[in-house]
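Examining the three-dimensional arrangement
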Amino acid sequence: MAYQEVNIADLQPGSYVVQVLQQTGEIVVKHAGWVRTTQAVDVLRQKGVRVLLIDPDKKLISQVAEAPAPAATVTADEPPPRSLFSTEWPRAERVLQQTGKAQRQLLDAVRQEKAIDLSLIYEVSAGLSESVARNQDVLLCLTRIAEQSDTLLQHSISCAVYMAAFGRYLGLPPHKVQALITAALLHDIGKTTNPDYLNADDHVAIAASMTALQKTPHLAGEISLWISQHCAYLDGSGSPKISSKQIDKGSRMLAIVNHYENLTSAHQGKQGPLNASRQLLDLTPRQLDGDLLQLFIKCIGVYPPGSVVKLSSGRLALVLENNPKKPVQPKVKVFYHSVHQHHIPAKVLDLARQQDEQIEACVDLKKFGLDVHNYL
């Protein structure tokens, strides 16, 4: 059974709380766990918690019969230790698979003019947020090399991953990051209602998206706001035509993520990440928020994980990890020599520690008859 959204007034002792969805404070569930007593429910209410996500399959019938389990903790969250790339890889793959399945169900529901099951979206947004917290480079890498025939599906998932990394990089509280991820997953749902929208400018489908969201009860108002404004520009152009003071920070973030993914998507012509960043910088400060854009580029890197680059030595390498302090010097894995046209022993290099190697350009491996999936 999928996770279930409940109001604090309806939360019963014995429920297994997964996360906080709506609140008036900055409290988060540090560890999923049981709410064992009415006093625990009262504590959550006093902390400003309004809506939570619970696992209905887990019921604490008897505290004597149940094995000890951690209680839901409403304290400030601490970042988990960074996972190794190889350790996080299978977990991130599962998260993306679950996200894809949930997103397909969401898009199908909108096509059939049904209400969206927000519990599915909240569940996968939590998974994306947790994976990024463990090691964002893995999820960014998997997203960049993904080959998805459904362009709308892939766009929304890619935007969600970028937003997860962006929100965490800005130090936003977990519940805010998850709300931003949800907005990224939902921002283009109106395009499912009319095939013509798929090839039209993004703003054309906003009204259809808002109509679909109106059928979804308990959706946070800020999520709808961000979606409604993500095609607005700071100079008053775009849609809707509003002043920069009216454009929320979340809307500005979603606009940057949406633009970047459109430019770098394989289905949109696939600009290299460096060219995409330059094009977006050209849109500041008139249309996009320049300060936020600079932070976004630092967050994912000039050459994001999953990019294939040519080094000054002629070797080709797969970008594995971004270096926020030195965005043009990521950690890479070399595997092929473009001049001699033969494979070389795979080796991981930290370009920040290499004096004789620099990135010259991004490359398309298909031009060499190679598949990036063979070098992961």
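As the structure is a prediction and not an experimental result, all values here were calculated from the model.

1. Observations concerning the side chain of Lys333
- Within the fold, Lys333 resides in strand β11 (residues 331-337).
- It turns out Lys333 is buried and unbridged, and the closest side chain with the opposite charge, Glu321, is 11 Å from it.
- A distance of 2.7 Å separates the side chain of Lys333 from the backbone oxygen of Tyr375, its partner in a polar contact.
- When neighbours within four sequence positions are excluded, Lys333 is seen to be in contact with Leu316, Ala317, Leu318, Leu320, Ala346, Lys347, Val348, Tyr375 and Leu376.

2. Focus on the pattern of salt bridges
- Applying the stated criterion to the full structure yields 13 salt bridges.
- Here Glu88 and Arg134 are joined by a salt bridge, their closest N and O atoms 2.7 Å apart. Note that Glu88 is positioned in helix α2 (residues 85-111) and Arg134 in helix α3 (residues 118-145), a separation of 46 residues in sequence.
- Among the ionic pairs, Asp289 bridges to Arg252, the shortest N-O distance being 2.9 Å. Placement of Asp289 in the loop between α9 (273-282) and α10 (290-300) and of Arg252 in helix α8 (residues 249-264) is noted, with a sequence separation of 37 residues between them. Here Asp289 matches Arg252 in class, with each residue buried.

3. Focus on α2
- Over its 27 residues, α2 extends 38 Å from the first C-alpha to the last, a length consistent with the 39 Å expected when each residue adds 1.5 Å.
- Looking at the residues trailing α2, positive phi occurs at Glu113, about 60°.

4. Remarks on the layout of surface pockets
- In this structure, the second largest pocket occupies an estimated 750 Å³ of space.
- Lining the second largest pocket are 31 residues; nearest its centre among them are Arg144, Thr264, Ala266, Lys270 and Asp364.
- Contributing elements (two or more residues each) for the lining of the second largest pocket: α3, α4 (151-169) and α8.
- Partitioned by chemical class, the residues of the lining of the second largest pocket number 11 nonpolar, 12 polar and eight charged.

5. Some thoughts on unusual backbone geometry
- Cis geometry is adopted by the peptide bond preceding Pro240, which originates at Ser239 and carries an omega value of 0°.
- Residue placement: Pro240 occurs in the loop between β8 (238-239) and α8.
- Residue Pro285 is bonded to the preceding Thr284 through a cis peptide linkage, with omega at -5°.
- Inspection of the secondary structure puts Pro285 in the loop between α9 and α10.
- Unlike most non-glycine residues, Gln341 shows phi in positive territory, near 55°.
- One can find Gln341 in the loop between β11 and β12 (342-350).
- Classification of Gln341 by relative accessible area gives exposed; the value is 59%.

Each value, and the rule that gives it
- Residues numbered from 1 in each chain as written.
- Predicted model: local features only at pLDDT ≥ 70, side-chain atom pairs only at ≥ 80, totals over all residues.
- Heavy atoms only, no water.
- Helix = DSSP H or I, 4+ residues; strand = E, 2+ residues; numbered from the N terminus.
- Buried < 20%, exposed > 50% of the residue type's maximum accessible area, 1.4 Å probe, protein only.
- Lys, Arg positive; Asp, Glu negative; His and termini not counted.
- Salt bridge = Lys/Arg side-chain N within 4 Å of Asp/Glu carboxyl O.
- Polar contact = N/O pair within 3.5 Å; in protein donor to acceptor, adjacent residues only side chain to side chain.
- Contact = heavy atoms within 4.5 Å.
- Expected span 1.5 Å × (residues − 1).
- 1 Å grid on protein atoms, 1.4 Å probe; cavity = no way out; pocket = protein on both sides within 12 Å on 5 of 7 lines; lining within 4 Å.
- Points joined across faces, edges and corners; volume = space filled by probe spheres on them.
- Nonpolar A, V, L, I, M, F, W, Y, C, P; charged D, E, K, R; others polar.

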